[in-house]
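Given next are the chains, with one letter for each unit.
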Amino acid sequence: MNTWHEVADLIGSLLLLSGALVALSGVIGLLRLPDVLTRSSAATNPQTLGILLLTAGVALRLRSWVDVGTLALVVFFQLLTSPVAAHLVARVAHRTGQTGAGPLLRDDLAGQGRQATGGEGPEPDGSGTG
Amino acid sequence: MTEASDILLNAALGVVLLAGALLLIRVWRGPSMLDRAISIDVMAALIVAGIGVHAAATRTRYYLSIMLVIAFLGFTSSVGIARFIAVRDRPNPKAHP
């Protein structure tokens, strides 16, 4: 039984280190990518896979069902709320024309009031909350 | 095997701290407020990660609720920036390419 505890500790530590490395790779992507949309795609890396691996590691180290439930809630809310923020940020980036140097390959918001130089304020177009 | 776990946990803590330090560079430079909003989101995720590493290293469970609250409310700052500040922001995208 004790051996299995040590094995669980070791696997949990490995998962924690791999989650931290995934988070570091996402941050390096944030530093190196050129514009808001690509940085947003790099930012999903620590928010989803990094948090998943880290919470799995913490659950393997703590080994209590209450803590596993709390960590599952952490993962659930993280996966629930980070797309909301990313959606709003990407929508404002599109609206204020910060979508990078080149043209977009596919622009589903093309007819919804894109401004080239930045807006004066929230537009009353009602096309969304962002 | 315990020593290996300790080494791995210390390495994870160092990697999380390094990621936070690198992220501060993006917050400092990031040409528009939207970049800072994204960086603040990632910073909330890194704070959750750091609390998780601490909880795993010391086997305490008292900070898991703080992880839960940050994971639940971390997106509100970035939503506020995107909704109320970034639409009036005029960045210079050539300043820091």
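All values derive from a computational prediction rather than experimental measurement.

Draft legend 1. Main features of the overall build of chain A. Along the backbone of chain A there are three helices and zero strands. What you see in chain A, going N to C, is helices and strands ordered as α-α-α. By residue count, 45% of the 130 residues in chain A fall in the buried class. At a minimum sequence separation of 6, the contacts of chain A that also span at least 24 residues come to 55%. Here chain A displays about 6500 Å² of accessible surface, and carbon together with sulfur accounts for 67% of that area.

Draft legend 2. Up close: the interface of chain A and chain B. Taken together, the contacts link 55 residues of chain A with 51 residues of chain B. Between chain A and chain B, a total of about 4700 Å² is buried, with carbon and sulfur atoms accounting for 71% of that surface. Together, Leu-31, Arg-39 and Arg-61 of chain A form the three largest contributors to the area buried by chain A at its contact with chain B, with a combined 12%. Counting the contacts that link chain A with chain B gives three salt bridges. Two residues, Asp-67 of chain A and Arg-61 of chain B, come together in a salt bridge whose shortest N-O distance is 3.3 Å. At the boundary of chain A and chain B, one finds eight residue pairs in polar contact (both at pLDDT 80 or more). Those elements that provide at least two residues to the side of chain A that touches chain B are helix 1 (2–32), helix 2 (36–62) and helix 3 (65–95) of chain A. With 16 residues, the top contributor of residues to the side of chain A that touches chain B is helix 1 of chain A. Grouping the constituent residues of the side of chain A that touches chain B by class yields 32 nonpolar, 16 polar and seven charged.

Draft legend 3. Seen up close, the nonpolar core. Core analysis: the biggest nonpolar cluster contains 54 residues, and Leu-16 of chain A together with Leu-34 of chain B have the highest contact counts within it. Of all elements in the fold, only helix 1, helix 2 and helix 3 of chain A together with helix 1 (2–29), helix 2 (33–58), helix 3 (64–73) and helix 4 (75–85) of chain B reach the threshold of two or more residues within this core. Among the elements that make up this core, the one with the highest residue count is helix 2 of chain B (twelve residues). Apart from the residues within four sequence positions on either side, Leu-16 of chain A is in contact with Leu-53, Leu-54, Gly-57, Val-58 and Arg-61 of chain A together with Leu-9, Ala-12, Gly-52, Val-53 and Ala-56 of chain B.

Draft legend 4. Up close: the UniProt feature "transmembrane region" (unreviewed entry) in chain A. Residue and element names in this part refer to chain A. Listed under "transmembrane region" (unreviewed entry) in the UniProt record, and renumbered for this structure, are residues 12–31 and 68–90. For residues 12–31, the end-to-end C-alpha separation is 29 Å, with 100% helix and 0% strand making up the annotated structure. Taken end to end, residues 68–90 has its terminal C-alpha atoms 33 Å apart, with 100% of it in helix and 0% in strand.

Draft legend 5. Inspection of the pattern of salt bridges at higher detail. Within this structure, the stated rule accounts for four salt bridges over all chains. Arg-59 of chain B is the salt-bridge partner of Asp-9 of chain A, the closest N and O atoms lying 2.5 Å from each other. Of this pair, Asp-9 of chain A sits in helix 1 while Arg-59 of chain B sits in the loop between helix 2 and helix 3, on two different chains. Between Asp-35 of chain B and Arg-39 of chain A there is a salt bridge, with the nearest N and O atoms lying 2.7 Å from each other. Taken together, the residues Asp-35 of chain B in helix 2 and Arg-39 of chain A in helix 2 connect one chain to another. For Asp-35 of chain B, a relative accessible area of 2% gives the class buried. One salt-bridge network, held together by shared partners, links Asp-9 and Arg-63 of chain A together with Arg-59 of chain B.

Draft legend 6. Focus on the packing of aromatic side chains. Evaluation of the coordinates by the stated rule reveals two aromatic pairs over all chains. Taking the centre distance of 4.5 Å and the plane angle of 55° together, the rings of Phe-77 of chain A and Phe-72 of chain B count as tilted. Here Phe-72 of chain B lies in helix 3 and Phe-77 of chain A lies in helix 3, a pairing that spans two chains. A relative accessible area of 19% means that Phe-77 of chain A is categorised as buried. These aromatic residues form a ring-pair network of at least three members: Phe-76 and Phe-77 of chain A together with Phe-72 of chain B.

Parameters at a glance
Numbering of residues begins from 1 in every chain and follows the order in which that chain's sequence is written. Going through the entries in the order they are written, you letter the chains from A and number the ligands from 1. With the structure being a predicted model, the display of local features is reserved for residues of pLDDT at least 70 and the display and counting of side-chain atom pairs for 80 or more, all residues being used for whole-chain, interface and lining totals. To obtain the side-chain values, all non-hydrogen atoms of the structure were included, while hydrogens and water were left out. Per the convention used, a helix needs a DSSP run of H or I reaching at least four residues, while a strand needs a run of E reaching at least two, with both numbered from the N terminus. Only protein chains enter the calculation, and the probe is 1.4 Å; a residue is then buried if its accessible area is under 20% of its type maximum, exposed if over 50%, and partly exposed in between. Contacts between residues were defined by any pair of non-hydrogen atoms, one from each residue, lying within 4.5 Å. The Shrake-Rupley method, run with a 1.4 Å probe, gives the accessible areas here. Residue values count only the displayed protein chains as cover. Defined here as a combined quantity, buried area equals the accessible surface (1.4 Å probe) lost by two parts on assembly, summed across both. In what follows, salt bridge is the name for a side-chain nitrogen of Lys or Arg lying within 4 Å of a carboxyl oxygen of Asp or Glu. Definition of a polar contact: a pair of N or O atoms within 3.5 Å, with one able to donate and the other able to accept a hydrogen when the atoms are protein atoms, and with sequence-neighbouring residues admitted only if both atoms are side-chain atoms. Residues were grouped as follows: Ala, Val, Leu, Ile, Met, Phe, Trp, Tyr, Cys and Pro as nonpolar; Asp, Glu, Lys and Arg as charged; and all remaining residues, including Gly, as polar. Nonpolar cores are built from buried Ala, Val, Leu, Ile, Met, Phe, Trp, Tyr and Cys residues. Side-chain atoms within 4.5 Å join them into one set. UniProt positions are given in the numbering used here, feature names are shortened, and annotations may be inferred rather than shown by experiment. Only Phe, Tyr and Trp rings take part, Trp by its six-membered ring, and two of them pair if their centres are within 6.5 Å. Stacked means planes under 30 degrees apart, edge-to-face means over 60, and tilted covers everything else.

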